[in-house]
Amino acid sequence: MAGVAADAVASTAEDREPQREAMPGLESQRRQIENSESGRERPLQAGESWFLVEQHWYKQWEVYVQGGDQDSSTFPGCINNAKLFEDQVNWNLKKGLVEGEDYVLLPAAAWHYLVSWYGLKHGQPPIERKVVELPGIQKVEVYPVELLLFQHSDMGTPHTAQFSHTDSLDLVLHTARERFLASPQEETRLWIKHSDGSFERLCNTHVTVLDARLKTGQVIVMETRNKDGAWPSAKQYVMKSLSKEDEDFQGQPGVCGLTNLGNTCFMNSALQCLSNVPQLTEYFLNNRYLEELNFCNPLGMKGEIAEAYADLVKQAWSGHHCSIVPHVFKTKVGHFASQFLGYQQHDSQELLSFLLDGLHEDLNRVKKKEYVELCDAAGRPDQEVAQEAWQNHKRRNNSVIVDTFHGLFKSTLVCPDCGNVSVTFDPFCYLSVPLPVSPKRVMEVFYVSMDPRRKPEQHRLIVPKKGKISDLCVALSKHTGVQPDRMMVADVFSHRFYKIYQLEDSLNSILDRDDIFIYEVSARAGTGEGIREDVVLPIYLRERSPARDFNNSYYGLMLFGHPLLLSVPRDRLTWDALYHILLYRLSRYVARPSSDDEDDGDEKGDTENKGNIAKSGQTAGGSLQDPGPEQAGPSSGVMGRNRAPADNSPGPSNWPQRSRRKQLFTLQTVNSNGTSDRMTFSEDGHAQPYIAIDWEPEMKKRYYDEVEAEGFVKHECVSYVLKKAPVRLQECIELFTTVETLEKENPWYCPNCKQHQLATKKLDLWMLPEILIIHLKRFSYTKFSREKLDILVEFPIRDLDLSEFIIKPRSESDPDLYKYDLIAVSNHYGGLRDGHYTTFACNKDSGQWHYFDDNSVSPVTEDEVESKAAYVLFYQRQDVARRLRSQPDLSGPQEPPACGSPPSSESMDVN
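Anyway, here's the lowdown on the structure attached to this text. Remember, predicted model here, so these are calculated numbers, not experimental data.

In this section: the sheet that holds strand β7 (residues 188–193). Judged by pairing direction, the sheet is mixed, and its five strands sit side by side in the order β6-β5-β9-β7-β8 without closing on themselves. Looking along the sheet, the strands with just one partner apiece sit at the ends: β6 (154–163) and β8 (199–201). Between one strand axis and the next, the sheet turns by 35° as a mean value, whatever way the strands run. The pairing of β7 with strand β9 (residues 219–224) spans six bridges and is classified as antiparallel. Paired with Ile192 across the strands is Ile220, a residue of β9. The sheet strands contacting helix α5 (residues 169–179) are β5 (145–151), β6, β7 and β9, and the helix crosses β6 at an angle near 130°.

Listed below in structure tokens is the structure:
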């Protein structure tokens, strides 16, 4: 037996690898492999390597060491795992292998012991597997995830690669780049191709294969960014209207328009301004944003806004596009901010505010925000409180947006009751500065004289913005010579009185678009006896017209022309007298009938007239009751406050019946809308009477001159051009730092008084950012009015010095930190309801100013930048500009600007 064993040892020695150390005793071998700290009984630890050994060989080894005879015929020979492989070419592990039946697992130390003692079959690779930590358990990953790697440009050639469940997607991307020979300058990203043919981005490459839920056989596609900055998968959104719009076109980087997708000029303007902020654009072009993408921030957009903006910047600054279509970016913005969904016009500053906040949260270096309690100054020095506030801000907010755009201002609140002072320091991303507003406003009105020969006059009046109706009458009195107490002001809309104002009403309720008529009336009634009292009657004009009824039995009445406010002496309140007063008042455009016309009345006309008289006279006996409230309309609830004394408003019962002579028109009492006849007035006599002049179509055509009735003249004041003095930008900033009292809608809770107070508030600038955004508050909104302030704000292109507004002690600050140069302007043309946004911007590479109007870009001079349309200003601090110019270009050659980054994480674009 000893000879047989010797032969066996001799025959198997040829198959074994050279032994590196002497084989210990059999009992020692058994203890080291099975029972020691490095043996197979040791607990699993995540990340460790374990090795597979074929079950039959291991059992043979156990029999050998348990026999105690090193010369035994049970010697196992070298380790042979051939039964575990499908083939001996690719050495793929067989499917369905079971531990304890097909193989045993050994830790790395035990495996190396066995190999050193017995050797490994020549040509066989060791079967090494990692210990992975799955939810609630640790296990050896015998079967790793096998992925099929494809290149976006070649979907027909797969590359197989195996990865552990604990491997990061970063390793998958690195492996794919190696397999497809991607250069260090090329940007790449990964997609999953699902079984239904759809694709899904692998956004966060820092997660593991297990977290990404990748399984064996899944198709992974690597996409490489084109030289023009666009991804091949998004190429359908790139504008290709020009034949040169491809990789062969080469223009100035950054000089690239944005297509208007439908009222998206506000977005284009904000994007062009932000794109021309040098340090932010370099941050994206050099791919520094990739390592700072924050996918787990609950306040962020999962990195999608940052990546959509990065794609836009890379395309615009590739130099390969005249214009690009920001469709993907628009979709992302609408997804995360529903107010920007659709294609309505919006404010460029509002979009800019959202974008800066979204970029900040997507790129926030603080992955888990800690709770920070805001503390009041409580008498401490400003320097200490300011430093504490800034540090607390950076503990929760730390991104390239904070580094570039955030500054610090001091807020001081003073309680008007107890004098308690509250001082806090708050960060800001931009300054919204008010424009000095003139206390005056210009109003256009039409003046209607009592003289029937005079046409209505158009006047342009200057009145206090916070004035009253009486101020409007006083201003008109200076032009007409008519005393203010002989004027009544009304808002005319759709041929009727929308509102008749009282002297004490505020001018704020009158909008610029309202048609305001001021009527001359007779002197107001006195209180003493013997003084004649006048009644002011609102007069409407109506025309009878056959309604669209099948038997033409109903006649409709349509309002036309301008209504009147007519002064009638109380002692002449008869229908006949009122008719002749109206004939006189309308004589400029209503011709008087001749005597023949007056006598040419047939019986039918007399009958109709009798009917009208009788109908109106029915109310005299009081047999009919009040039909109830007036029909609701724009004047409802307004007319009762008419300046005509309510007790001087008689009902028809006081009016004698009209004569039966044929007339040009008939008179009828109506409601305030002029749409229905009023049969009676309420008994208390407080309702305002309205009179309608009803015309038959033929009579109106014959006697009513519509052209003359609509005519008016312009007073010489209308030709005056009110020049608005320009305002300096420093004046706006000074107004921003002026003490103001809080509004009633926004009180401050005083911790000392324990109640809300209308405290005084003052803002002061403490620390300014690298890029200072100044928003000019051109749009003014109040309870009654909305307007755009189109005054010229003079702002310097260079050397804007803000040192006079900084309250931080100069001993701690550098004077150069307060001087700025302009780099971009967002413009708004038009009014409140409609308008258009454009951009002036200075190219960071060439220093040339350009005018961006959607997809059109043209060079301009500095002299053209300042205009009344300037809305948002972008200033760059001069020391930052010098620092950027002195820095070497880390990205290497400028083709394209995004090249030159390290190949590992910097080359990944996680979308």
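Anyway, onward from the coordinates.
In this section: empty space enclosed by the protein. Using the criterion set out here, one finds seven cavities of 30 Å³ or more in the structure. Computed from the structure, the largest cavity encloses a volume of approximately 210 Å³. Of the residues assigned to the lining of the largest cavity, the class counts are 11 nonpolar, three polar and five charged. Taken as a whole, the second largest cavity encloses approximately 80 Å³ of empty space. Forming the boundary of the second largest cavity are Cys256, Leu258, Leu271, Gln272, Ser275, Tyr309, Leu312, Val313 and Ala316. No other element matches the four residues that helix α8 (residues 304–316) contributes to the lining of the second largest cavity. Of the residues in the lining of the second largest cavity, the class split is seven nonpolar, two polar and no charged.

Mapped onto the elements, Ser49 comes out in strand β1 (residues 49–54). Look past the residues within four positions of Ser49 in its chain and what remains in contact with it is Pro107, Ala108, Glu128, Arg129 and Lys130.

Turning next to the nonpolar core. For soluble globular proteins, the rule of thumb is that nonpolar side chains tend to be buried together. Ranked by size, the top nonpolar core spans 55 residues in total, and within it Leu274, Phe284, Tyr309, Phe405 and Phe874 carry the most contacts. In terms of residue count, the dominant contributor to this core is α8 (eight residues). Residues in contact with Phe284, not counting those within four places in the same chain, are Tyr289, Ala306, Tyr309, Ala310, Val313, Lys314, Leu359 and Leu363. Grouped together as the second largest cluster of nonpolar side chains are 45 residues, Tyr540, Leu541, Leu578 and Ala692 included.

This part takes up unusual backbone geometry. Although it is not a glycine, Trp91 sits at a positive phi angle of roughly 55°. Relative to the assigned elements, Trp91 resides in the loop between α3 (55–67) and β2 (103–107). Although it is not a glycine, Asp799 adopts a positive phi angle of roughly 60°. Position of Asp799 among the secondary structure elements: in the loop between β34 (793–794) and β35 (800–801).

A word on the packing of aromatic side chains. Scanning the model with the defined rule gives 29 aromatic pairs in all. The interplanar angle of 75° and the centroid separation of 5.9 Å between the aromatic rings of Phe497 and Tyr519 together place this pair among those described as edge-to-face. Residue Phe497 is found in strand β18 (residues 496–500), and its partner Tyr519 is found in strand β19 (residues 516–520); the two are separated by 22 residues along the sequence. Accessibility expressed as a relative area gives 0% for Tyr519, which makes it buried. Between Tyr589 and Tyr704, the aromatic rings sit 5.6 Å apart at their centres with planes inclined by 80°, giving edge-to-face as the arrangement. With Tyr589 in the loop between α14 (575–585) and α15 (595–599) and Tyr704 in the loop between α17 (697–703) and α18 (706–710), the pair connects residues that are 115 residues apart, well separated along the chain. The exposure class assigned to Tyr704 is buried, which follows from its relative accessible area of 8%. Taken together, the ring pairs connect Phe446, Phe497, Phe517, Tyr519, Tyr540, Tyr690 and Phe712 into an aromatic cluster. Taking the ring centre of Trp191 as reference, the NZ or CZ of Arg201 above it sits at 5.6 Å. Its end group placed over the ring of Phe560, Lys700 keeps NZ or CZ at 4.7 Å from the ring centre.

So, about a negative patch on the surface. There is a patch of like negative charges on the surface, built from Glu731, Glu734, Glu794, Asp799, Asp801, Glu804 and Glu866. Tracing the chain through its elements places Glu731 in helix α19 (residues 729–736).

On to helix α10 (residues 348–362). Its 15 residues place the ends of α10 21 Å apart at the C-alpha level, agreeing with the 21 Å of an ideal helix rising 1.5 Å per residue. By the criterion of burial, α10 is predominantly enclosed, with 12 of the 15 residues buried. Within the span of α10, buried status applies to Ser348, Gln349, Leu351, Leu352, Phe354, Leu355, Leu356, Gly358, Leu359, His360, Glu361 and Asp362. The residue sitting at the N-terminus of α10 and contributing the capping side-chain oxygen is Asp347; that oxygen lies 2.7 Å from the backbone nitrogen of Gln349.

Moving on, we come to the sheet that holds strand β4 (residues 137–140). Strand order in the open sheet formed by four strands is β2-β1-β3-β4, and the pairing between neighbours is antiparallel. For this open sheet the edge positions go to β2 and β4, each flanked by a neighbour on one side alone. Between one strand axis and the next, the sheet turns through 35° on average, direction left out of account. On the sheet, helix α4 (residues 108–118) packs against β1 and β2 and is oriented at approximately 105° with respect to β2.

Here we take up the environment of Leu147. The residue Leu147 is located in strand β5 in this model. On the accessibility criterion, Leu147 (0% relative accessible area) is buried. Contacts of Leu147, omitting those with residues within four sequence positions, involve His159, Thr160, Ala161, Phe163, Val172, Leu214, Lys215, Gln218 and Ile220.

Reading the values: rules and limits
Residues numbered from 1 in each chain as written. Predicted model: local features only at pLDDT ≥ 70, side-chain atom pairs only at ≥ 80, totals over all residues. Heavy atoms only, no water. Pairing = 2+ DSSP bridges. Helix = DSSP H or I, 4+ residues; strand = E, 2+ residues; numbered from the N terminus. Axes fitted to C-alpha atoms, helices over the stretch in contact; angles between N-to-C directions. Contact = heavy atoms within 4.5 Å. 1 Å grid on protein atoms, 1.4 Å probe; cavity = no way out; pocket = protein on both sides within 12 Å on 5 of 7 lines; lining within 4 Å. Points joined across faces, edges and corners; volume = space filled by probe spheres on them. Nonpolar A, V, L, I, M, F, W, Y, C, P; charged D, E, K, R; others polar. Core = buried A, V, L, I, M, F, W, Y, C linked by side-chain atoms within 4.5 Å. Buried < 20%, exposed > 50% of the residue type's maximum accessible area, 1.4 Å probe, protein only. Phe/Tyr/Trp six-rings, centres within 6.5 Å; stacked < 30°, edge-to-face > 60°. Lys NZ or Arg CZ within 6 Å of the ring centre and 35° of its normal. Patch = residues over 30% accessible without salt bridge, like charges linked within 9 Å, V, L, I, M, F, W, Y side chains within 5 Å. Areas by Shrake-Rupley, 256 points an atom, 1.4 Å probe, with all protein chains shown as cover. Salt bridge = Lys/Arg side-chain N within 4 Å of Asp/Glu carboxyl O. Lys, Arg positive; Asp, Glu negative; His and termini not counted. Charge placed at Lys NZ, Arg CZ, Asp CG, Glu CD. Expected span 1.5 Å × (residues − 1). Polar contact = N/O pair within 3.5 Å; in protein donor to acceptor, adjacent residues only side chain to side chain.

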